[in-house]
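As a plain string of letters, each chain reads:
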Amino acid sequence: KSYNQLIKLGYSSDKILQVEALRYIYFEKNKIKKNNHKKKLLILGDIQNKPTLDLIKNVNKISNQLKNFEISFKPHFANPINKELFNKIDVDITNISLSKNINKFDIVYCANPTSSAVDAYISGVQTIIHYNFDGINFSPLRDYPNVIFVKNSYELLKSLNQEVPIISHNKQKN
């Protein structure tokens, strides 16, 4: 997709080298069997404070409707967040390795510019991205199928309760 975007922007194809990100080599290829009665939601904090606070605000607003979710929050290492900001819901603050644990979650909710959304998407985890639609969409997953963009708590709740077909990205290359 990035290659095609560069071509559309006028870059010469002989000046573009296609590469693969090595960071995704370590993602577990096998899905972990998930709990059928409680969905596991992972909220991924951003390096910037405002996008992270927007995520927390949306979750707090719909806290009464999240009784059937186990919720974890992984702050960006450069932006630690106080657990008390989740004032209406019980959240487990975690610093787990994303590459080794992403498949333990059913849904990932993150901010627009973060590359951690790619980690979730590549792993086949339902990916919801908060984007307020008043600026440039910097998400590396813009225009990708089965990625949900939400702008408020209402849209977040709606997306948490819908089943999204997940595309498997763990195919072996020849």
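Residues numbered from 1 in each chain as written. Predicted model: local features only at pLDDT ≥ 70, side-chain atom pairs only at ≥ 80, totals over all residues. Heavy atoms only, no water.

**Student:** Provide a residue-level description of helix 2 (residues 49-61), including the pertinent values.
**Tutor:** A rise of 1.5 Å per residue sets the reference length of helix 2, with its 13 residues, at 18 Å; its end C-alpha atoms lie 18 Å apart and thus fit the reference within 8%. All buried positions along helix 2 are accounted for by Pro51, Thr52, Asp54, Leu55, Ile56, Asn58, Val59 and Asn60. (Helix = DSSP H or I, 4+ residues; strand = E, 2+ residues; numbered from the N terminus. Expected span 1.5 Å × (residues − 1). Buried < 20%, exposed > 50% of the residue type's maximum accessible area, 1.4 Å probe, protein only.)

**Student:** Can you tell me about the environment of Phe86, naming the residues and giving the values?
**Tutor:** One can find Phe86 in the loop between strand 2 (69-74) and strand 3 (92-93). Ignoring anything within four residues of it in the chain, the contact list for Phe86 reads Ile43, Ile56, Asn60, Phe73, Val91 and Ile93. (Contact = heavy atoms within 4.5 Å.)

**Student:** I'd love a proper account of the pattern of salt bridges, names of residues and values included.
**Tutor:** Tallying each qualifying case throughout the model produces 2 salt bridges. Note that Lys50 and Asp54 form a salt bridge whose closest N and O atoms lie 3.0 Å from each other. In this pair, Lys50 and Asp54 both sit in helix 2, 4 residues apart, roughly one turn of the helix. Residue Lys50 is classed as exposed on the basis of its relative accessible area, which comes to 55%. Measuring nitrogen to oxygen at the nearest pair gives 4.0 Å for the salt bridge that ties Asp90 to Lys83. Its relative accessible area of 38% is what places Lys83 among the partly exposed residues. (Salt bridge = Lys/Arg side-chain N within 4 Å of Asp/Glu carboxyl O.)

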